[in-house]
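# A look at the structure
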Amino acid sequence: MSVLDGRFGLITGVANRRSIAWAVAQQLARDGARLALTYQGERLGENVRELAAELDGPLLLPMDVTSDAQMSEAFATVQREFGALDFILHGAAFAPREELSRPFVETSRDGFRIALDVSAYSLIAMARHAAPLMAPRGGGSIVTLTYLGSERVFTNYNVMGVAKAALEASVRYLAADLGPQGIRVNAISAGPIRTLAASGISGFSNILQVYRERSPLRRNVELDEVASAGRFLLGPESSAITGEVILVDAGFHAMGI
Ligand code: NAP
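Residues numbered from 1 in each chain as written. Predicted model: local features only at pLDDT ≥ 70, side-chain atom pairs only at ≥ 80, totals over all residues. Heavy atoms only, no water.

## Let's talk about the layout of surface pockets
In this model, the largest pocket occupies a volume close to 1300 Å³. Forming the boundary of the largest pocket are 48 residues, of which G91, A92, A93, F94 and A197 lie nearest the centre. With three residues, the top contributor of residues to the lining of the largest pocket is strand β5 (residues 140-146). Grouping the amino acids of the lining of the largest pocket by side-chain chemistry returns 28 nonpolar, 15 polar and five charged. Lining of the second largest pocket is provided by 14 residues; of these, F154, I207, V210, R214 and F252 occupy positions nearest its centre. Residue classes in the lining of the second largest pocket are distributed as six nonpolar, six polar and two charged. (1 Å grid on protein atoms, 1.4 Å probe; cavity = no way out; pocket = protein on both sides within 12 Å on 5 of 7 lines; lining within 4 Å. Points joined across faces, edges and corners; volume = space filled by probe spheres on them. Helix = DSSP H or I, 4+ residues; strand = E, 2+ residues; numbered from the N terminus. Nonpolar A, V, L, I, M, F, W, Y, C, P; charged D, E, K, R; others polar.)

Set out below in structure tokens:
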């Protein structure tokens, strides 16, 4: 019997095979969890459908995280099909491309609103929908993905850094709100990995190189290493950890000069 046998989870943020959320989904499925994968639009639905064929009968649900209606519908389907929920991986993030290349001081009102809505508010909305589904299980685990750009300045990360700061603060407030129901909320702050989202950040190759040169482990992180941390935080082994941001970045965050 695997450690997650009989557990139900919902995963957002699978765009393709390089997605961090896909790496986490694979590990959770291998451990026996039954999954619902959400996708933003029909075009990517095709991608997700192909990947889903590699798992054991996951639910596939359209869910643009900026749409209250789609979110309600997705959670209603999970309720109908699974009856309950044990964990959520929140891996959705977005900022308009132009906000990730021009000076931060030029951030537009709309760009700010969109980045914060997709990348931070969506965690709050999803947690609100998930809580009643976790109640019959006596609790659950919610994990989101963040980046050190929330605390330090990385060239061109810009408004996404502000969104990640809001996301990490939301992790703590949600942990406080939902802890009495046995629901834990944590974040993984991953080192840079070449994904679709990362390709929108100008100069991303340079960030990868600086991590390789300066992190204590002198290398970049692998998708599977971030996924293992996700599996740990979403599963029962991390039962006393909540309100935490765990850095999986080859130690880069610890360095000064
Ligand atoms: P990714 O594969 O591009 O995943 C990002 C996901 O967010 C995509 O599935 C994307 O779907 C989804 N998304 C964007 N807008 C959405 C919306 N309105 N509704 C629903 N989903 C939406 O890239 P990733 O690097 O794995 O990103 C996953 C998470 O890890 C993000 O929070 C990212 O900030 C974080 N992270 C990444 C790195 C890195 O270096 N790669 C480092 C630290 C943290 P669409 O493609 O359909 O837009």
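## Brief notes about the sheet that holds strand β6 (residues 183-190)
Note on sheets: strands pair through backbone hydrogen bonds, and any given pair is parallel or antiparallel. Within the open sheet, the seven strands sit side by side as β3-β2-β1-β4-β5-β6-β7. Their pairing is parallel. Strands with a single pairing partner mark the edges of an open sheet, and in this sheet they are β3 (59-62) and β7 (245-248). On average, each strand axis in the sheet is tilted by 20 degrees relative to the strand beside it, whichever way the strands run. By the bridge criterion, four bridges tie strand β2 (residues 34-39) to β3 in an arrangement that is parallel. The partner of L37 across the bridge, within β3, is L60. Along the sheet, helix α1 (residues 20-30) contacts β1 (8-11), β2, β4 (87-90) and β5; its crossing angle with β2, the most-contacted strand, is approximately 165 degrees. This element, helix α7 (residues 223-234), spans β4, β5, β6 and β7 of the sheet and lies at about 170 degrees to β6. (Pairing = 2+ DSSP bridges. Axes fitted to C-alpha atoms, helices over the stretch in contact; angles between N-to-C directions. Contact = heavy atoms within 4.5 Å.)

## Concerning the pattern of salt bridges
Should their charged atoms come close, side chains of opposite charge can pair. For the structure on display, the rule yields seven salt bridges. Between R17 and E54 there is a salt bridge, with the nearest N and O atoms lying 2.6 Å from each other. Within this pair, whereas R17 is found in the loop between β1 and α1, its partner E54 is found in the loop between α2 (42-52) and β3, the two being separated by 37 residues in sequence. Between E225 and R219 there is a salt bridge, with the nearest N and O atoms lying 2.8 Å from each other. (Salt bridge = Lys/Arg side-chain N within 4 Å of Asp/Glu carboxyl O.)

## Here we look at the site of the ligand
Near the ligand lie 28 residues; those nearest to it are S19, Q40, K164, I193 and T195. Measuring from an oxygen atom of the ligand, one finds a side-chain N or O atom of S19 at 2.6 Å. Here an oxygen atom of the ligand and a side-chain polar atom of Q40 are 2.7 Å apart. Protein chains bury 91% of the 870 Å² of accessible surface belonging to the ligand in isolation. (Near = heavy atom within 4 Å. Polar contact = N/O pair within 3.5 Å; in protein donor to acceptor, adjacent residues only side chain to side chain. Areas by Shrake-Rupley, 256 points an atom, 1.4 Å probe, with all protein chains shown as cover.)

## Here's the deal with the nonpolar core
In terms of nonpolar packing, the biggest core is built from 53 residues, with F75, V78, L85, I88 and I142 touching the most fellow members. Secondary structure elements with two or more residues in this core: β1, β3, α3 (68-82), α4 (109-134), α5 (158-178), β6 and α6 (204-214). Per-element accounting of this core gives the leading share, twelve residues, to α4. In this view, F75 contacts L10, M63, L85, I88, M126, H129, A130 and L133; residues no more than four positions away in its chain are not counted. (Core = buried A, V, L, I, M, F, W, Y, C linked by side-chain atoms within 4.5 Å. Buried < 20%, exposed > 50% of the residue type's maximum accessible area, 1.4 Å probe, protein only.)

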